[in-house]
Structure formats: structure tokens, C-alpha cells
There are 2 protein chains.
Amino acid sequence: MKRIIIASTSTLHSGSYLEYLLPELEKHFEGIDTLTFIPYARPSGISHDDYTAKVRETFSKINIHVEGIHEYENPREAINQAKALFTGGGNTFLLVKQLYQNELITTIQQKVLSGTPYLGTSAGSNICGLTMETTNDMPIVYPPSFKTFGFVPFNLNPHYLDPIPNSTHMGETRETRIAEFHAFNTQPVVGLREGSWLEVLGNTITLKGSLSARLFEQGKTPIEIPTNSDLSHLK
Amino acid sequence: MKRIIIASTSTLHSGSYLEYLLPELEKHFEGIDTLTFIPYARPSGISHDDYTAKVRETFSKINIHVEGIHEYENPREAINQAKALFTGGGNTFLLVKQLYQNELITTIQQKVLSGTPYLGTSAGSNICGLTMETTNDMPIVYPPSFKTFGFVPFNLNPHYLDPIPNSTHMGETRETRIAEFHAFNTQPVVGLREGSWLEVLGNTITLKGSLSARLFEQGKTPIEIPTNSDLSHLK
């Protein structure tokens with residue numbers, strides 16, 4: 001049975017790293033003493049070691065030890081022995097390139113589908129969708145494919161941002177970008193605002209956090225979905 | 001001799017399509033009666049015909065007739081017979097995918113290097129750099145490569161946006177994204193604010209418009225470059 005948290009962001013403006021999610025993570029990782037962290041997205045280009053150290057410090061607050069996947073000679077072995085997985089945010093292109101290069105896509109898919117608890121934030125959430133084609137990130141490296149895990153049968157847009165009223169900037173709004181996505185792709189897109197997350201338990205997908213999310217479906221006007229909605233019917 | 005305008009945007013918030021650039025375009029396309037338009041980037045997913053009609057209406061004001069590349073059975077033939085080229089904005093991933101699919105990269109490169117005047121706006125400007133890896137666009141389709149024309153020996157970031165003071169949004173600023181690019185790539189990036197453009201005449205590259213641009217070089221603090229600066233030394 002799948003046990004997945006797909007969070008828009010690791011950090012709220014008002015808080016420290018993962019602070020708002022920690023009570024939820026205590027429940028999500030109940031009975032787990034060791035977490036395997038995937039630091040490949042490297043926010044601001046920081047090293048795998050530095051990123052893992054930051055995550056280790058945070059999870060020590062709920063008595064979970066953190067290992068970095070990069071500390072293993074064979075990353076597939078790291079996944080196979082993992083008791084729980086966390087993929088952190090940063091750059092989605094870099095993350096996906098590294099996952100493919102290390103031949104980890106199928107390995108992680110099988111692990112998570114067999115019930116290993118997974119947490120993703122930001123880039124680590126994007127990869128839970130069918131493709132990474134609704135990421136906000138800059139394409140700083142070229143991955144061999146845009147296909148991702150497909151733990152949910154739609155795409156995610158983390159850090160979803162409403163159009164800024166009276167903006168004079170002529171770059172596309174997030175809503176326009178997702179409309180362009182739907183000119184060429186059929187799957188729904190869930191725009192997750194910062195502070196929101198999806199909880200996936202088996203085949204049940206629930207919107208959590210205090211905010212509503214924005215749902216984009218091809219050929220339809222986008223709508224707001226209230227928190228605690230069941231999204232299991234989406235596809 | 002290269003004759004290229006690389007513009008941050010087609011449209012300013014205060015004006016109509018290409019309005020602010022028209023006096024410059026009259027000079028740039030002096031003696032030209034027909035322009036070949038490349039509508040592949042399809043902003044908001046509009047059709048090639050609709051996009052070309054919009055461009056045709058604008059260029060009629062300076063007595064230039066506009067043909068769409070998609071009106072030709074063989075797009076390479078359209079390029080080869082073109083007197084001047086304009087690639088419009090929209091989605092850079094879509095544009096680059098289409099350019100590769102139609103085997104146009106080398107054809108357009110040769111045409112522009114041999115002196116055919118070129119105009120790019122937004123996505124059509126991104127492709128003038130070495131790679132499209134500093135675009136702001138959403139990766140809605142998968143192009144076979146991120147390599148682009150390399151008419152200038154650096155990358156572009158059109159619609160360059162300064163960090164928003166006191167923003168509570170936790171998504172990366174443009175400056176952070178470009179810093180992440182430089183963790184993996186060596187070429188400079190020129191952040192062109194809306195209303196700015198680069199004029200390329202042979203080997204001379206000049207910043208135009210009323211605003212400064214922001215220059216990002218690997219391992220250096222970003223700096224402002226005043227308008228009318230010569231950027232020919234960058235590489």
C-alpha cells in the first residue's frame with residue numbers, strides 16, 4: 001500500500017526547514033528509525049553532504065536517523081535497503097537527470113509501491129506526478145526523459161502562485177503556463193500552494209494543510225478544491 | 001555580417017505588440033519588403049495562423065509583408081528563400097522541439113551568419129544564446145536537445161525580473177536559478193529586462209533600450225551593465 005506525502009514546499013516563510021510538517025511526519029514515519037535521503041536536486045548548488053546534514057539535523061528532532069543515498073557506493077542498493085525515503089527540493093531537471101543516470105526510476109517506483117513511506121518536497125514532489133513537465137524550475141541540465149514516478153495519475157505544480165494583481169510584468173503567469181501545457185498534454189495538474197500537501201494512502205489521495213489547491217483540467221476552467229478534498233477520482 | 005536584434009519581450013505593459021521596438025525595426029529591416037515569421041513557440045497555445053496574422057498586422061505599419069514558415073510545405077525552403085527572419089515568443093521548449101523536428105537549426109544558423117537580418121523576442125531570443133538552459137518557460141514538451149543557435153557566445157534570460165522585496169514566496173528568485181545554472185555551466189548569462197534588447201552587428205554586441213541589464217558570470221557577483229554598453233568581450 002502506498003504511503004506518500006507530496007508537499008508543495010519544505011519551508012514556509014514564517015518557519016524553519018520542514019517545521020510546519022514535522023507533526024505530520026512523526027505520524028507518517030511512525031516506527032521508522034532510519035530515513036534514506038535523496039539530495040540530488042541540490043538547491044542553490046549545495047553539496048550532497050551539506051544538504052543531507054541539514055535534513056539530518058531536522059529529523060533528529062523526531063528521533064529519525066538520516067542516511068544520504070550518495071553515501072552508498074551503489075545507489076540502487078541504498079534504495080533496496082531503505083526503510084523510508086525522502087527526496088528534497090532544489091532543481092527538478094538536475095534531480096531527474098541524476099535519477100536516470102543512476103538507474104533509480106524503477107527501483108524507487110517498486111520500493112514505494114511495495115509500501116515504503118515516501119516524502120517529497122518541491123522538486124521531490126514534482127517527480128511523484130506522471131511527468132516533470134509542470135515544474136517551475138530552470139532547465140540547467142538536460143535529463144534523458146521528462147517522465148517521472150507517476151505515484152499519482154496527474155501532474156503537480158508545487159509552489160503554486162496566484163497571478164499577481166496589477167502586475168506590469170509581461171512574463172507568463174503560472175495559470176497561462178499550465179494552459180500551454182494543456183495545449184499538448186491531457187493529464188490534470190494540481191497546483192499546490194505553499195503549506196499544502198497531498199497524502200496518498202493506497203489509492204486514496206487527500207489534500208491536506210489549511211489552504212485550497214487549484215485544479216487544472218484540459219479544456220475546463222480551473223477550479224479551487226477545498227482542503228481535505230478527496231482527489232482519488234482524478235485522472 | 002550578422003544583423004540581429006535580441007529583445008527581452010515583444011510587448012511592454014504600457015503598449016501594443018512590438019510598439020516600443022517599431023522605430024528600431026524600421027532601421028533593422030531597412031530595404032526589406034518581406035519577412036518570414038517563425039510562430040512555433042505558440043504563446044498560450046494559439047495557432048500558427050493566428051500568431052502570424054497578429055505579426056502581419058503589426059509589420060504592415062512599417063510596410064513589411066509577413067509570411068509564416070508554416071505556410072510552406074518545406075520549412076527549410078522557407079528559410080532558404082527568406083529575406084529576413086523573426087522568431088516570436090511563447091514557449092521555448094515547444095519552439096526548440098519544432099526547430100529540431102523540422103531540421104532547421106543549421107539552416108537558420110547559416111542563413112543568419114550570412115547576413116540575413118534576424119529578430120527574436122522572448123523565446124525567439126533565448127534561442128540566440130548557446131543553450132536554452134536559462135529560459136523561464138515551463139517544460140511542456142521534450143525537445144531532443146537544449147542546444148540553440150549560439151549567435152552570441154553566452155546565454156540569455158529574457159523578461160529578467162529582480163527579486164521582489166519582502167516576498168513571502170519560497171520559490172527560487174531568478175538570481176538563485178541562474179546561480180544554480182552556474183553550478184553546472186560556465187557561460188555568462190545576460191538578464192535582459194523588459195524593454196531592453198541586444199543589437200548584434202557583425203562581432204559587436206550592444207545593449208539597447210533605457211534600462212541596465214544584469215550580467216551573471218560563473219564564480220562572480222552579478223553586476224549591472226548600463227545601457228549602450230559593448231558586450232562583445234563576453235564569453
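One numbering rule holds for all chains: residues counted from 1, following each sequence as written. Numbering of ligands from 1 and lettering of chains from A proceed in the order in which they are written. Residue-level local features of this predicted model are given only where pLDDT is at least 70; pairs of side-chain atoms are given and counted only at 80 or more, and the full residue set underlies all totals for whole chains, interfaces and linings. Think of the side-chain values as coming from all heavy atoms in the structure, minus any hydrogens and water.

For chain A, an unreviewed UniProt entry supplies the name Dipeptidase E and the organism Myroides guanonis.

Draft legend 1. Molecular detail of the overall build of chain A. Going along the chain from the N terminus, every DSSP run of H or I of four or more residues is numbered as a helix, and every run of E of two or more is numbered as a strand. Broken down by element type, chain A carries 7 helices and 11 strands. C-alpha atoms define the radius of gyration, and 2.2 Å times the number of residues to the power 0.38 defines the globule rule. On C-alpha atoms alone, chain A measures out to a radius of gyration of 17 Å, which is about the 18 Å that the 2.2 N^0.38 rule sets for 235 residues. Principal-axis analysis of the C-alpha atoms places the extent of chain A at approximately 45 × 35 × 35 Å. Across chain A, every contact between residues at least 6 apart in sequence was considered, and the portion connecting residues at least 24 apart equals 68%. Surface exposure here means Shrake-Rupley accessible area, sampled with a 1.4 Å probe, where a residue is shielded only by the protein chains that are shown. Of the roughly 9300 Å² that chain A leaves accessible, carbon and sulfur atoms contribute 48%. Any two residues having at least one pair of non-hydrogen atoms within 4.5 Å are treated as being in contact.

Draft legend 2. Representation of the sheet that holds strand β5 (residues 118-121) of chain B in the model. Residue and element names in this part refer to chain B. Should DSSP find at least two bridges between two strands, the strands are taken to pair. On the basis of which strands lie adjacent, the open sheet formed by 7 strands has the order β3-β2-β4-β5-β1-β8-β9 and mixed pairing. Each edge of the open sheet is held by one strand with a lone partner, namely β3 (65-68) and β9 (204-208). When strand polarity is set aside, the average angle formed by the axes of neighbouring strands in this sheet is 20°. Bridge count between strand β2 (residues 34-38) and β3: 4 bridges; the pairing is parallel. By the bridge assignment, Phe 37 is partnered in β3 with Gly 68. Where helix α2 (residues 48-60) meets the sheet, it contacts β2, β3, β4 (85-87) and β5, and its direction lies at approximately 165° from that of β3. Axis angles are defined between N-to-C directions and span 0 to 180 degrees, where every axis is a line fitted to C-alpha atoms and, for a helix, only to the segment in contact. Each of β1 (3-7), β2, β4 and β5 touches helix α5 (residues 105-113); the most contacted strand, β4, lies at about 130° to it.

Draft legend 3. Structural detail: the side chain of Thr148(B). Residue and element names in this part refer to chain B. You can see Thr 148 is positioned in the loop between α6 (123-126) and β6 (155-157). Pairs of N or O atoms within 3.5 Å make up the polar contacts considered here, provided that, within protein, one atom can donate a hydrogen while the other can accept it, and that residues adjacent in sequence are counted only when both atoms are side-chain atoms. Within the local environment of Thr 148, its side chain forms a polar contact with the backbone nitrogen of Thr 131, the two atoms lying 3.3 Å apart. If sequence neighbours within four positions are ignored, Thr 148 has contacts with Val 96, Gln 109, Asn 126, Ile 127, Gly 129, Leu 130, Thr 131 and Met 132.

Draft legend 4. Main features of the packing of aromatic side chains. Within 6.5 Å between ring centres, the rings of Phe, Tyr and Trp (the latter by its six-membered ring) count as paired, and their orientation is classed by plane angle as stacked under 30 degrees, edge-to-face over 60, tilted in between. Applying the stated criterion across every chain, the model contains 24 aromatic pairs over all chains. Centroid distance Phe29(A) to Phe59(A): 6.1 Å. Interplanar angle 65°. Geometry classified as edge-to-face. One end of the pair, Phe29(A), is in the loop between α1 (22-28) and β2 (34-38); the other, Phe59(A), is in helix α2 (residues 48-60), with 30 residues separating them in the sequence. Residue Phe29(A) is classed as buried on the basis of its relative accessible area of 1%. Residue burial is assigned from relative accessible area. The probe radius is 1.4 Å, only protein chains are included, and a residue is buried under 20% of its type maximum, exposed over 50%, and partly exposed in between. Judged by relative accessible area, Phe59(A) falls into the buried class, the value being 0%. Between Phe93(A) and Phe146(A) the ring centres are 5.9 Å apart and the planes differ by 80°, which places this aromatic pair in the edge-to-face class. Of this pair, Phe93(A) sits in helix α4 (residues 92-101) while Phe146(A) is found in the loop between α6 (123-126) and β6 (155-157), placing the two residues 53 residues apart along the sequence. Across this residue pair, the class does not change: Phe93(A) and Phe146(A) are buried. Every member of this aromatic cluster is reached through a ring pair, and the members are Phe93(A), Tyr142(A), Phe146(A), Phe93(B), Tyr142(B) and Phe146(B).

Draft legend 5. Spotlight on empty space enclosed by the protein. A pocket, in this scheme, is an open set of points on a 1 Å grid over the protein atoms alone with protein on both sides within 12 Å along at least 5 of 7 lines, while a cavity is a set where a 1.4 Å probe fits but cannot get out; residues line either one if an atom lies within 4 Å of a point. Grid points are joined across faces, edges and corners, and a volume is the space filled by probe spheres set on the points. One pass over the structure, following the stated rule, counts 3 cavities of 30 Å³ or more. Looking at the largest cavity, its volume works out to about 50 Å³. Lining the largest cavity are Glu172(A), Gly90(B), Thr92(B), Ser122(B), Ala123(B), Asn126(B), Thr135(B), Asn136(B), Asp137(B), Pro158(B) and His159(B). Looking at the lining of the largest cavity residue by residue, the class counts come to 2 nonpolar, 7 polar and 2 charged. Each residue receives one of three labels: charged for Asp, Glu, Lys and Arg, nonpolar for Ala, Val, Leu, Ile, Met, Phe, Trp, Tyr, Cys and Pro, and polar for the others, Gly being one of them.

Draft legend 6. Quick peek at α2(A). Residue and element names in this part refer to chain A. Residue count minus one, scaled by 1.5 Å, sets the expected span of a helix. Its 13 residues place the ends of α2 18 Å apart at the C-alpha level, agreeing with the 18 Å of an ideal helix rising 1.5 Å per residue. All of the buried residues along α2 are His 48, Tyr 51, Thr 52, Val 55, Thr 58 and Phe 59. Seen end-on, α2 carries its buried residues on one side only, within an arc spanning 120°. As for α2, its buried residues are in contact with α1, β2, β3 (65-68), β4 (85-87), α4 and β5 (118-121). This arc corresponds to the set of directions leading from the helix axis out to the C-beta atoms.

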